[in-house]
Each structure stands twice: as structure tokens, then as C-alpha cells.
Amino acid sequence: MLGKERDGNMLYVTGDTHGELDIRKLNTTNFPEQYSMTKEDYVAIMGDFGLVWNDGKEDLYWRKWLADRNFTTLFIDGNHENFDLLKRHEVVEWHGGKVQFINDSIIHLMRGQVYEIDGKTIFTMGGGTSIDKEFRKPGKSWWPDELPTYEEYEEALRNLDQHNWKVDYVFTHTISNNIMKFMRYEKEESELNTFFDLIEEELTFRHWYFGHFHADEQVKDNYRLLYIDVIPVQP
Ligand SMILES: [Fe+2]
């Protein structure tokens, strides 16, 4: 992109960061594209952000590290988030949907929203199931809020209605039963996966990006599982 005429905001997508564990994909060595980016450009993380975990030293260090990058960080929530802490952030309107600012340049894209960025629409629906939840402690390393509430599903449907069930991109953490079956992944089943079965049947979308399964793979023509790769959205 360097030296080229800029045409609107750049939007990159990547997979789970899990706090500092998988954040190095966003350093300048692994993601040199950021040299030609600005705060008007975005990198969106497909859940398991993990840096609103305890507001401790590590959270604050890496949040500042992200703020020092040449891009604005967007994230949807996954299943490994501290939802009690996340809830404390004020909800504001941004590009047509609800968000929470974690700092000036880290923005939580909430569930069931449709945003419009640079003429492109994005439907977001975080959440997922921790398959290891029996080994986790409620309120310490596991939260029932990892799955959406009835109201959040309702809000998603309402917002999709308003956009006549047509968006450019879909950002989710987990994915439909249909796509899991296609990937031969059978460990998860929740109403969220079933909800996505319904959504993908009704919705016209250009490309669906998701995380959660810790692999990088193009699935069918227009589903992209993300983990380490940091890629621009399909134009
Ligand atoms: Fe994850």
C-alpha cells in the first residue's frame, strides 16, 4: 500500500489474541503493513481478546502497546473474556451501532450490531462456548455471559431487519453448526451455533470472518477462519 493513493479506511481482520499470548501477530515484524496505516484504519479481532481480564499491569501494558500501533483495534467478544469487567465500560453509539471504548483506540464491537464503515456494513455477534468450562471457575475464568442473552438475539434480528438482511461482512467468534460440520468439528453445540444456522440461511453477505477454532483456513467460498493470519477484508 505504501506510496499508493489511499482509498478510504483499511480494514484488516485476525483471530483470537488471548491477552498477550497470541498478540505478537500484530507487531511490526509480523504485520509490517501497519507502517503505512493510521488511526483511521482498523484491525478487527474475532473474539477471545482477553485484555479486559483484570485491569492489571499486563492488561494495561498491552492495551497501551495496541494504542501505540498505527491502527485502531476493534474486537468482538469471544468466550474467554471477563464479562463482569467488560460490562463496566460505558456503551456509546459509533458508526451506527453500540460499542464500548476500552481506551482511545481499542473498541469493543457489541453483539447483534450492524456498523457502517466507509460505506461497508458489518454485522457482529460475539460469544461462544468454552469447551473446557468444567475446569474453569465461574466469575474467575468462566462467565455464563459467554453466550448471548435473549435480548441480544432479539437486537441482532431487529438490526438485520433494518438492513434488509444484507451486509458486506459478518464478524463472529464461533460459527454455525453447518460450517462446523463442514470443518468436521463436533465438540460444540449451543443455541448460538443454531442461531448462526438461521442467520446464514437468510442473510446476504459478502464474507464471514470468525475465530475460536485456532486455525487459519478458508472454508467454502466466503467463510474465513482466522487465527494467526492478519489479512485485509475481501474488497
Ligand atoms: Fe480462543
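1. Here's the deal with the overall build of the protein
When you go through the protein residue by residue, the secondary structure sums to 5 helices and 13 strands. Taking 235 residues into account, the globule formula puts the C-alpha radius of gyration at 18 Å, and the protein, at 17 Å, falls close to it. Seen along its three principal axes, the alpha-carbon backbone of the protein occupies a region of about 45 × 40 × 35 Å. Taking all 235 residues of the protein together, 56% fall into the buried category. Restricting to contacts in the protein with at least 6 residues of sequence separation, those with at least 24 account for 67%. With the model as given, the accessible surface of the protein reaches about 11,400 Å², and the carbon-plus-sulfur share is 49%.

2. Description of the nonpolar core
Within the largest apolar cluster, 26 residues are counted, with the highest numbers of intra-cluster contacts made by F123, I175, W208 and F210. Sorting the residues of this core by element identifies strand 8 (120–125), helix 3 (150–162), helix 4 (177–182), helix 5 (191–202), strand 10 (207–210) and strand 12 (223–225) as the ones contributing at least two each. Setting aside its immediate chain neighbours within four residues, W208 contacts V170, T172, I175, F196, I199, E200, N222, Y223 and R224.

3. Here's the deal with the pattern of salt bridges
For side chains of opposite charge, pairing can occur when their charged atoms come near one another. Within the structure shown, the criterion is met by 12 salt bridges. A salt bridge links R111 to D77; the nearest nitrogen and oxygen atoms lie 2.8 Å apart. Remark: D77 occurs in the loop between strand 3 (72–75) and helix 2 (83–87) and R111 occurs in the loop between strand 6 (106–109) and strand 7 (113–117); sequence separation between them is 34 residues. By relative accessible area, D77 is classed as buried at 2%. Across the pair K87 and D145 runs a salt bridge whose closest N-O atoms are separated by 2.8 Å. Here D145 lies in the loop between strand 8 and helix 3 and K87 lies in helix 2, a separation of 58 residues in the sequence. Here the salt bridges do not stand alone but share partners, grouping D55, D59 and R63 into one network.

Rules behind the numbers
- Residues numbered from 1 in each chain as written.
- Predicted model: local features only at pLDDT ≥ 70, side-chain atom pairs only at ≥ 80, totals over all residues.
- Heavy atoms only, no water.
- Helix = DSSP H or I, 4+ residues; strand = E, 2+ residues; numbered from the N terminus.
- Rg over C-alpha atoms; globule rule 2.2 N^0.38 Å.
- Buried < 20%, exposed > 50% of the residue type's maximum accessible area, 1.4 Å probe, protein only.
- Contact = heavy atoms within 4.5 Å.
- Areas by Shrake-Rupley, 256 points an atom, 1.4 Å probe, with all protein chains shown as cover.
- Core = buried A, V, L, I, M, F, W, Y, C linked by side-chain atoms within 4.5 Å.
- Salt bridge = Lys/Arg side-chain N within 4 Å of Asp/Glu carboxyl O.

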